[in-house]
Amino acid sequence: MVEITQQSAEFVVTLEASRTSSAERAEAQIVRGTLIGRYVVVSRLGAGAMGVVYAAYDPELDRKVALKLLKPRYSDTTEERLRLQREAQALAKLDHPNVVSVYDVGVHESRVFVAMEFVDGQTLRAWMDAAPEPRPWREILQVFSAAGRGLAAAHDAGLVHRDFKPDNVMIGREGRVRVMDFGLARVLDDIETPSGERGGGSGETSAAVPDNRLTQTGMMLGTPAYMSAEQFAGRPVDARSDQFGFCVALYEAFYGQRPFEGRSLWELGESVKSGELRAAPRLHRVPAWLRRVLIRGLAPEPDERWPSMHALLDALADDPAQRRRKWGTRAAAVGVVGGAVALVLAIQAEPPVCTAMADKLVGVWDDERRGAVEAALVQTELRYATQTWERVERRLDVYTSDWVAARTAACEATQRGEQSAELLDRRMACLDERLSHVRALVGVLERPDPKATHKAVEAAQGLPGLERCADVDVLMAEVLPPEDPQVAAQVVDLRARLAAAEAEERAGREASSRAEVDAVVEQAAVLGYEPLLVWAWQQQAWQQHRGGDLEEAEATLERVYDMALGLGMIEQAAIASVQLVVVVGRSQARHRDGRRWVVDAGPLVRLAGRDAIRASYFDSLGLVAEEEGDYEQAREHMERALAIKQELPEVNPFAVAGSLTNLGNVMMRAGDYTQARAHIERSLRIRQEALGPEHPDTTIPLANLGNVARKQGNLDEAREHYARALEIALAALGPQHLRVADLRSNLGIVAYRSGELSRARADHERALAIREAILGPDHPNVAVSLTNLSLVAKAEGASEQARAHLERALAIKRAALGPEHPSLAFTLGSLGNVAEEEGALDRARDYHEQALAIRRSALSPDHPDVATSLSNLGLVAHGQGDDEKAQAYHEQALAIRERALGSDHPRVAFSLTGLGDALLGQGRAGDAIAPLERALAIREAKSVTPRSLAQTRFALAQALWSTPDEQRDRVRARTLAEAAERGITEASKSAAAERAEIQRWLQAHSP
């Protein structure tokens, strides 16, 4: 049955294809999953005169795009393709809130494609047709004015649209208007007359005759209903031709009919060229002054129209009624207008309308504030200050434009009777609260400060989303404001202070922000309005967590959780429970207690119904799973968080980059270095695109790429990544910054692994000095530097100094983190290694047993760190000659690592090598070969450090020599031992003892 159905379907397709053109057959083959350039086709959106539009996915920048594949006749020659590509590249430079962005242009099977911003919404045509009756003229004018601003921006950039019509304008779900499909656009500088002169001219060429120039002035391009006289005549076009098409569309929206009659293309062209407009329909409500503005824009001769789109938009905004109302208000304020005149003005005034919402931005984000922020950011003279300003300006322009659209839509919904006055109040209150965040951020950025400049783009991107203010269910579920007007006013003031404190924190001013939040908490407690306490406590807990006050953060979040649940504030309760998962389960490493909060968080997150909270929930689960050593579960949770973040109405690139970084780190710990590198490289591209290549936050993924290379044993590559990150950090942050300390620490590790001990010591000492100066002598990160210095001292043979560094590090960690924190186990293990190096094997065993006890208590039994302690105990037992006990320890470690990490993880190879050594120590060389062969295969495939590879090769060489089945086994044994000697020599100058042991063996086992 299935086979017959499939054959029938294929037969039908074949018959249909026989009736179509080759281009159409090619389009039929473009199905979901097809690659056009680097873009993956998702679905077909529609077709137009110039080509087909697809929804597609950009895997490189992780975003959805609209992909226009032009028909062959628009790109069937190299010159034509070159022209289209050049025009698309010019469009890509245009960045305006009211223009659909062009991202990329390329060629697919000899056809030009253009990748554009994907807009989820409807066309202006659909918006016009959807209204059951004519829309109010003010509403129409508002939408068209936004489109006009997009056209004006294109003209300012030297571009002409050539085909403006309602079908080429999109209205997004958030209300923002964008002009799209500049498919017929021409770069103004390329528009030529037939004589080759730039600019005007009246010469004509035949539309049917091909022209070898890049721009053909004789072609009649555009949609006839919206074409100007010069387009009908095939004359050169400019920005005034777009103005004409804009006025035709606006006339159509106002009157429900187009301005020129014509039953055929020829008749329409004659009407347009003569300038004969239809009479306005009866009973229309369009003011006479607006019709006069349109008539000028529809003049047959370009010189008779408005000088520019800007002039046209100014004329459309110059409402005489509004001028009269403003004049009347000012006059009444100074007592000039008498009662009779005031009565006349009152009669003339119309009912309140949903216009001028942009006036709310005065003093918040206007020309004065814009100039102040630009001056403050640029004044810092940071290398990336100008790029930061450009990105901040663009982000605030888009955000405030969307805010105005959202506020207007809320007002209009009430005017149309679609929502209650109460819901309008709630929507407006929500939007006003959002605007307070803009006001606060701008206030912070107006003050010159390198810290604020560093964080400016991320802070702007982190402004709270507007979509919540249109969510009826969420808004109606919110707690009502206090009834007492005075209390309500104080609540509004204190919430504004919380917004200002949040802006301070986002801009890197943590100390002042924390002081302000603490002050608001005190005043909120006195005021006694509990919802305000919930909001203030939540912000306070976040700051306590970031500041390392984990017990305080936990206690504050528990208060938030209890009070929010009691008040029915589900969102806040959900957020608190998610934060408790991280604060308890990860930051304090109390995994079991953190898991108990997961039980509460899951249902609350589902009940809250907010995608952003769901993403945070899965992030939290992933981070805890990573700490528990369950890397597969961590990956699954983090991938779910990433997927949600990518589908949010407004994608935050920093949130996406953060998820990619988390995934990269998990994959690195799981030993999947290929996936780790891919995730981190995507994170780097996103940050570079969002911030610019010289921004210090790009050093985070650069350092992570260095970590991946280091894990793989590619020390030169690791050093390059760290050095590039350090160069950026020094230029942007100065030499005394914690980021610089981290990078110097990384470079010190590479130098240590390379045997450059003096260089390693210098890097670690500089990192230690920075950390002590900024964090104080008792911070856990100081202990990290001390541990690194101990490794260098141990390699230099200064075991007493190594032990002193580690003992101080252990004391710091015990005081800061408590005696049972798993971080102590690493330091105890390092002390065990030093003791082993000194030959104090009993003391070494004691340290490793303490580390094992802490890890077994704090972590799951199958955690990879438990296996680390077992492996260390196996090495000590081997050194003491108790190889049966060593074998048992290594077998336990091997079983844990295989369950937790998989059978081919590099740490599995470590256990296999230890097991092989233990078996060799028992004289069981034949039994040692299998685990050592497996260890060698893993380490050769995984690009581990040369030293690790050399250790396995030498152990296998000894096993093969001791059990030769044939002479060739001894040949291979020597080959492996010689490779081990070379690897040890290349790996580290500090491995002298190992190198000497291999050399002695080679001398004793000559062929």
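Residues numbered from 1 in each chain as written. Predicted model: local features only at pLDDT ≥ 70, side-chain atom pairs only at ≥ 80, totals over all residues. Heavy atoms only, no water.

Caption draft 1: Layout of the overall build of the chain. Scanning the chain from N- to C-terminus turns up 42 helices and 11 strands. For the chain, the share of sequence-separated contacts (at least 6 apart) that also reach a separation of at least 24 residues comes to 63%. For the chain, the accessible area works out to roughly 45,100 Å², and carbon and sulfur atoms hold 51% of it. (Helix = DSSP H or I, 4+ residues; strand = E, 2+ residues; numbered from the N terminus. Contact = heavy atoms within 4.5 Å. Areas by Shrake-Rupley, 256 points an atom, 1.4 Å probe, with all protein chains shown as cover.)

Caption draft 2: Local environment of the state of the cysteines. Inspection of the entire model under this criterion finds 2 disulfides. With its sulfur 1.8 Å from that of its partner, cysteine 354 forms a disulfide with cysteine 411. Because the sign of the S-S torsion sets the handedness, a value of about -70° for the bond joining cysteine 354 and cysteine 411 places this disulfide among the left-handed ones. Pair noted here: cysteine 354 is in the loop between helix H12 (339–348) and helix H13 (367–379) and cysteine 411 is in helix H14 (residues 385–415), with a separation of 57 residues, a long-range link. (Disulfide = S-S within 2.5 Å.)

Caption draft 3: Looking closely at unusual backbone geometry. At arginine 162, a residue that is not glycine, the phi angle is positive and equals roughly 80°. Position of arginine 162 relative to the elements: it lies in the loop between strand E8 (159–160) and strand E9 (169–172). With phi around 60°, glutamate 381 is a residue other than glycine that occupies positive phi space. By secondary structure assignment, the location of glutamate 381 is in the loop between H13 and H14. Overall, the relative accessible area of 71% leaves glutamate 381 in the exposed class. (Buried < 20%, exposed > 50% of the residue type's maximum accessible area, 1.4 Å probe, protein only.)

Caption draft 4: How the structure looks around the sheet that holds strand E5 (residues 102–108). The strand order across the open sheet formed by 6 strands is E1-E2-E3-E4-E6-E5, and the pairing between neighbours is antiparallel. Lying at the two open borders of the sheet, with one neighbouring strand each, are strand E1 (35–36) and E5. As judged from the 8 bridges shared by strand E3 (residues 51–58) and strand E4 (residues 63–70), these two strands associate in the antiparallel manner. In the sheet register, tyrosine 57 faces E4, and the bridge partner there is lysine 64. (Pairing = 2+ DSSP bridges.)

Caption draft 5: How the structure looks around the pattern of salt bridges. With the rule as written, the count across this model stands at 70 salt bridges. For the salt bridge of arginine 506 with glutamate 502, the shortest nitrogen-to-oxygen distance reads 3.2 Å. Here the residue arginine 506 and the residue glutamate 502 both occupy positions in helix H18 (residues 485–506), the gap between them amounting to 4 residues, near one helical turn. The salt bridge partner of glutamate 837 is lysine 794, with a shortest N-O separation of 3.6 Å. Placement of glutamate 837 in helix H34 (residues 823–837) and of lysine 794 in helix H32 (residues 780–795) is noted, with a sequence separation of 43 residues between them. Residue classification places glutamate 837 among the exposed residues on the basis of a relative accessible area of 54%. Look at lysine 794 and you get partly exposed, because its relative accessible area is 24%. Each of Arg38, Asp58, Glu60 and Asp104 takes part in a single network of salt bridges with overlapping partners. (Salt bridge = Lys/Arg side-chain N within 4 Å of Asp/Glu carboxyl O.)

Caption draft 6: Region of the structure containing the pairing of E9. With burial as the criterion, each face of E9 is covered, one bearing Val169 and Ile171 and the other bearing Met170 and Gly172. Alignment of E9 against strand E10 (residues 177–179), held across 3 bridges, turns out to be antiparallel. The residue bridging valine 169 from the neighbouring strand is valine 179, located in E10. Counted along the chain from E9 to the antiparallel partner E10, the turn is 4 residues long, and its residue glycine 175 has a positive phi close to 100°.

Caption draft 7: How the structure looks around the environment of leucine 268. Within the secondary structure, leucine 268 sits in helix H8 (residues 265–274). Measuring from C-alpha to C-alpha, the distance between leucine 268 and methionine 227 comes to 9.6 Å, with 41 residues separating the pair along the chain. Setting aside chain neighbours within four positions, we find leucine 268 in contact with Pro224, Ala225, Phe232, Phe260, Glu261 and Gly262.

Caption draft 8: Expanded view of the packing of helix H38 (residues 906–921) against helix H39 (residues 925–942). Packing of H38 against H39 brings their axes to within 8 Å, and their N-to-C directions diverge by 155°. As summarised for this structure, H38 and H39 are arranged roughly antiparallel, according to the angle between their axes. Classified by chirality, the crossing of H39 by H38 is left-handed. Where H38 abuts H39, its residues Pro906, Val908, Ala909, Phe910, Leu912, Thr913, Leu915, Gly916, Leu919 and Leu920 lie against Ala925, Asp927, Ala928, Pro931, Leu932, Arg934, Ala935, Ile938, Arg939 and Lys942. Tallied by class, residues from the contact of H38 with H39 come to 14 nonpolar, 2 polar and 4 charged. (Axes fitted to C-alpha atoms, helices over the stretch in contact; angles between N-to-C directions. Parallel < 35°, antiparallel > 145°, perpendicular 65-115°, else oblique. Left-handed = near helix turned anticlockwise from the far one by under 90°. Nonpolar A, V, L, I, M, F, W, Y, C, P; charged D, E, K, R; others polar.)

Caption draft 9: How the structure looks around the sheet that holds E9. With respect to topology, 3 strands assemble into an open sheet ordered E7-E9-E10, the strand pairing being antiparallel. Edge positions in the sheet fall to strand E7 (121–123) and E10, since each of these pairs with one other strand and no more. With direction set aside, neighbouring strand axes in the sheet form an average angle of 25°. Pairing geometry for E7 and E9, over 3 bridges, is antiparallel. Its bridge partner being in E9, threonine 123 is matched across the sheet by methionine 170.

Caption draft 10: Spotlight on the environment of leucine 445. Along the chain, the position of leucine 445 falls in helix H15 (residues 421–445). For leucine 445, a relative accessible area of 1% gives the class buried. Between the C-alpha atoms of leucine 445 and alanine 372, which are 73 residues apart in sequence, the distance is 8.4 Å.

Caption draft 11: How the structure looks around the packing of aromatic side chains. Evaluation of the coordinates by the stated rule reveals 11 aromatic pairs. For the ring pair phenylalanine 144 and phenylalanine 246, a centre distance of 5.8 Å and an interplane angle of 75° mean the geometry is edge-to-face. Note that phenylalanine 144 is positioned in helix H5 (residues 137–156) and phenylalanine 246 in helix H7 (residues 239–255), a separation of 102 residues in sequence. In textbook terms, an aromatic cluster arises when at least three aromatic residues are bridged by ring pairs, as seen for Phe144, Phe164 and Phe246. (Phe/Tyr/Trp six-rings, centres within 6.5 Å; stacked < 30°, edge-to-face > 60°.)

Any link to function would need more than the numbers given here.
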